[in-house]
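Observations on the model geometry
Residue-level listing of the chains:
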Amino acid sequence: MSVMSIEKIVEQALQDGYLTPAMEAEVGRICDNASDLSIEEYMALDRLMGALLTGEVVAVPRKQFINVMEELVLTEAIARIAEIEATSESSLDVGDIAAYALNRLLPLYATTEEGANYQRQRAKTELQELISQQVGEAIDRYLDRPNFFPERQALGKSTGNEVLRQVSTLLQVYAPNFEQKSEF
């Protein structure tokens, strides 16, 4: 997505009826980098908030599909980590280990429960050994790694209602005294 202004993004969202994750991220980026937003930008954010609340604009969830490989790797990683942590002083990060293994395995996307069940069965019969091997390697690497960046920031989680909260928070932070005048 090319760089757009808040007004253009809101205009596009109102026209399409959808606020995509990319549009949401761009609005957040603009607000984070702006020292002051203009009245037009405040009004556009206020209009977007209203449209999200009435359903005129729908926030597109980040996922309308799942990667079955993620749940299979997480299941394997959690089981292996639990064993290690129960018998040693080591503490392992599930996210780091899963990400390492997932980067070395093919994704298994599905958009329906039936598709997800098919992918799970297929993976259990054809890929379980490979999944176990990659998770094992991820754990070995994790235990051997130096602690380079202890201040690393973990990625946040976002839900559907999170968009409303974020826009509301942006409005409160960047426009504490702004209220749109009623035009009746």
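Residues numbered from 1 in each chain as written. Predicted model: local features only at pLDDT ≥ 70, side-chain atom pairs only at ≥ 80, totals over all residues. Heavy atoms only, no water.

With that out of the way, let us pick up the overall build of the chain. Along its length, the chain carries eight helices and four strands. Evaluated residue by residue, the chain yields a buried proportion of 33% over its 184 residues. (Helix = DSSP H or I, 4+ residues; strand = E, 2+ residues; numbered from the N terminus. Buried < 20%, exposed > 50% of the residue type's maximum accessible area, 1.4 Å probe, protein only.)

End to end, helix α3 (residues 39–54) covers 22 Å across 16 residues, agreeing with the expected 22 Å (1.5 Å per residue, within 8%). Residues Glu41, Tyr42, Ala44, Leu45, Leu48, Met49, Ala51 and Leu52 constitute the buried set of α3. Glycine 55, located one to two residues past α3, shows a positive phi value of around 90°. (Expected span 1.5 Å × (residues − 1).)

Here the focus is the packing of helix α4 (residues 68–87) against helix α7 (residues 128–144). Two elements in contact, α4 and α7, have axes whose closest approach is 10 Å; the angle formed by their N-to-C orientations is 50°. By the criterion of interaxial angle, the relationship of α4 to α7 is oblique. The handedness of the crossing between α4 and α7 is right-handed. In this structure, α4 uses Met69, Leu72, Val73, Glu76, Ala77, Arg80, Ile81 and Ile84 to contact α7, whose residues at the interface are Gln128, Ile131, Ser132, Val135, Gly136 and Ile139. Classifying every residue of the contact of α4 with α7 by side-chain character gives nine nonpolar, three polar and two charged. (Axes fitted to C-alpha atoms, helices over the stretch in contact; angles between N-to-C directions. Parallel < 35°, antiparallel > 145°, perpendicular 65-115°, else oblique. Left-handed = near helix turned anticlockwise from the far one by under 90°. Contact = heavy atoms within 4.5 Å. Nonpolar A, V, L, I, M, F, W, Y, C, P; charged D, E, K, R; others polar.)

Turning our eyes to something else, we now look at the pattern of salt bridges. Once the charged atoms of two side chains with opposite charge are near each other, the side chains can pair. This structure, assessed with the given rule, holds five salt bridges. With its nearest N and O atoms 2.9 Å apart, the salt bridge here joins arginine 80 to glutamate 76. Note that arginine 80 and glutamate 76 are positioned in helix α4 at a spacing of four residues, about one turn of the helix. Accessibility expressed as a relative area gives 25% for arginine 80, which makes it partly exposed. What makes glutamate 76 buried here is its relative accessible area of 16%. Between glutamate 126 and arginine 122 there is a salt bridge; the shortest N-O distance is 3.7 Å. In this pair, glutamate 126 and arginine 122 are both assigned in helix α6 (residues 113–126), four residues apart and thus about one turn of the helix distant. In this structure arginine 122 comes out as partly exposed when scored by relative accessible area, which is 29%. (Salt bridge = Lys/Arg side-chain N within 4 Å of Asp/Glu carboxyl O.)

Where two aromatic rings form a pair, the distance of their centres and the angle of their planes describe that pair. Inspection of the entire model under this criterion finds one aromatic pair. When the ring of phenylalanine 65 is compared with that of tyrosine 109, the centres are 5.6 Å apart and the planes differ by 80°; the resulting orientation is edge-to-face. Pair noted here: phenylalanine 65 is in the loop between β2 (58–59) and β3 (66–67) and tyrosine 109 is in strand β4 (residues 109–110), with a separation of 44 residues, a long-range link. (Phe/Tyr/Trp six-rings, centres within 6.5 Å; stacked < 30°, edge-to-face > 60°.)

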